[in-house]
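Structural overview for review
Each chain, written out:
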Amino acid sequence: METKTGSKKLGLLVYEADNAPRYYEIKKGLLKFVLYGLPVISIFLLVLVLSGSVYFNQISEMAKRKEPAIIKELRDNSLTLEKKLTETSQLVSTLQNKLSAGHVSGEKLDSTMGLFLPTPGMQDKTKFPNLALEGIEALMSGDKIQLKFNIINQTKDNMKLAGYIFVLMKNSGRISFFPEASLEENEFKIKFNSGESFATQRFRPVDNVFFPYIKGNSKDYLFKILIFSRTGDLLYKQLVTKQIEK
């Protein structure tokens, strides 16, 4: 091998056993590229390929984890819609049967104190109620009287129970209603579906029943709780006497 000082080329003299020596020249830049550049580029490309492989694997794993969640959400939404459709169909069927039954009798109207507008086919189911009230409590809450209780679903297999709640309070000859806006404007009547809406399969606390408090009135309060179904049947009624002191 021969090296010329300051030269950009590198001379190589190759000897072979039976042949005359041969002389080759290689550019130093090319030799450095082969010795140093190619390995560096190869390592860089290898790192790039590995990084890309890891990145796409992560995306693939994220997609696999996300896909079941999306499918589950769609399935849950579908089941919810099917359940609502079934409930709506049952409600329509019940209403159709009520409409075909004709007018409600006077005896059934008396069970609601004659305050509620009659509905076709209305029934009084309070003799065998499918719900119960527990934890009935009356107390002062600021400048109002609050009535609290829990609705316990007693239907078979905990079927969904839904309807409307009314509470009447009597004190010193004065009667108050909950909800306050349930009375019709032009007549002293109440629509069964203007009450506080509720739905439960097991347990439903009711703690938003408030009445005005008038100072100087009797401490004895009489509450009447009425619960109607979504189709107008009277499901439950109960009289409760409480003493309240401020």
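Read on for an overview of the structure. Worth saying up front: this structure is predicted, and the values here are computed from it rather than measured.

What counts, and where the lines are drawn
Residues numbered from 1 in each chain as written. Predicted model: local features only at pLDDT ≥ 70, side-chain atom pairs only at ≥ 80, totals over all residues. Heavy atoms only, no water. Helix = DSSP H or I, 4+ residues; strand = E, 2+ residues; numbered from the N terminus. Contact = heavy atoms within 4.5 Å. Areas by Shrake-Rupley, 256 points an atom, 1.4 Å probe, with all protein chains shown as cover. Core = buried A, V, L, I, M, F, W, Y, C linked by side-chain atoms within 4.5 Å. Buried < 20%, exposed > 50% of the residue type's maximum accessible area, 1.4 Å probe, protein only. Polar contact = N/O pair within 3.5 Å; in protein donor to acceptor, adjacent residues only side chain to side chain. Phe/Tyr/Trp six-rings, centres within 6.5 Å; stacked < 30°, edge-to-face > 60°. Pairing = 2+ DSSP bridges. Axes fitted to C-alpha atoms, helices over the stretch in contact; angles between N-to-C directions. Patch = residues over 30% accessible without salt bridge, like charges linked within 9 Å, V, L, I, M, F, W, Y side chains within 5 Å. Salt bridge = Lys/Arg side-chain N within 4 Å of Asp/Glu carboxyl O.

Things to note about the overall build of the chain
What the chain contains, in helices and strands, is two helices and eleven strands. Its helices and strands taken in sequence order, the chain reads β-β-β-α-α-β-β-β-β-β-β-β-β from the N to the C terminus. Taking all contacts inside the chain whose residues are at least 6 apart in sequence as the whole, residues at least 24 apart take part in 59%. Carbon and sulfur atoms make up 56% of the accessible area of the chain, which totals about 17,000 Å².

Some thoughts on the nonpolar core
Judged by nonpolar contacts, the single largest core of 26 residues is most densely connected at Phe149, Val167 and Phe223. Listed by contribution, the elements that provide at least two residues to this core are strand S4 (131–141), strand S5 (144–153), strand S6 (161–171), strand S9 (203–212), strand S10 (220–229) and strand S11 (234–243). Counting residues per element, this core draws most heavily on S4, at five residues. Once residues within four sequence positions are removed from consideration, phenylalanine 223 is found in contact with Ala138, Ile145, Leu147, Val167, Leu168, Met169, Phe211, Gln238, Leu239, Val240, Lys242 and Ile244.

Quick look at unusual backbone geometry
Negative phi is the rule for most residues except glycine; trans is the rule for most peptide bonds. For the peptide bond that leads from phenylalanine 178 to proline 179, omega is -5°, which places it in the cis range. Considering the arrangement of structural elements, one finds proline 179 in the loop between strand S7 (174–178) and strand S8 (196–200). In the Ramachandran plot, aspartate 157 falls in the positive-phi region, its phi being about 60° despite a non-glycine side chain. Assignment of secondary structure puts aspartate 157 in the loop between S5 and S6. With a relative accessible area of 68%, aspartate 157 lands in the exposed category. We note that serine 172 has phi near 55°; this positive angle belongs to a residue other than glycine.

A closer look at the side chain of threonine 200
If you trace the backbone, threonine 200 turns up in strand S8. Side-chain polar atoms of threonine 200 contact the backbone nitrogen of arginine 202, separated by 3.1 Å. Not counting residues up to four positions away in its chain, the partners in contact with threonine 200 are Asn153, Met159, Lys160 and Leu161.

Brief notes about the packing of aromatic side chains
If you walk through the whole model with that rule in mind, you get seven aromatic pairs. Ring centres 6.1 Å apart and planes at 75° place the aromatic pair tyrosine 164 and phenylalanine 192 in the edge-to-face group. Highlighted residues: tyrosine 164 in strand S6 and phenylalanine 192 in the loop between S7 and S8, separated in sequence by 28 residues. Taken together, a centroid distance of 6.1 Å and an interplanar angle of 50° make the contact between phenylalanine 211 and phenylalanine 223 tilted. Linking phenylalanine 211 in strand S9 with phenylalanine 223 in strand S10, this pair joins segments that are twelve residues apart in sequence.

With respect to the sheet that holds S4
The strands making up a sheet associate through hydrogen bonds between their backbones, and the pairing can be parallel or antiparallel. Within the open sheet, the three strands sit side by side as S4-S5-S9. Their pairing is antiparallel. A single partner strand is all that each edge strand has here, and the edge strands are S4 and S9. Taken over all neighbouring pairs, the strand axes of this sheet differ in orientation by 20° on average, direction set aside. One ladder, built from eight bridges, connects S5 with S9; its direction is antiparallel. Across the sheet, the residue bridging to isoleucine 145 is phenylalanine 211, located in S9.

Here's the deal with the pairing of S11
When S10 meets S11, the two strands line up antiparallel, connected through nine bridges. Paired with phenylalanine 223 across the strands is valine 240, a residue of S11. Here S10 folds back onto S11 in antiparallel fashion, the turn holding four residues, of which glycine 232 has a positive phi close to 100°.

Considering the environment of phenylalanine 223
Judged by its relative accessible area of 0%, phenylalanine 223 falls in the buried class. In sequence terms phenylalanine 223 and leucine 239 are 16 residues apart; their C-alpha atoms lie 5.7 Å from each other.

As for a nonpolar patch on the surface
Taken together, the side chains of Ile41, Phe44, Leu45 and Leu48 make up a nonpolar region of the molecular surface, amounting to roughly 400 Å² of accessible area. With respect to the secondary-structure elements, leucine 48 resides in helix H1 (residues 28–101).

Honestly, it's all geometry; don't read function into it.
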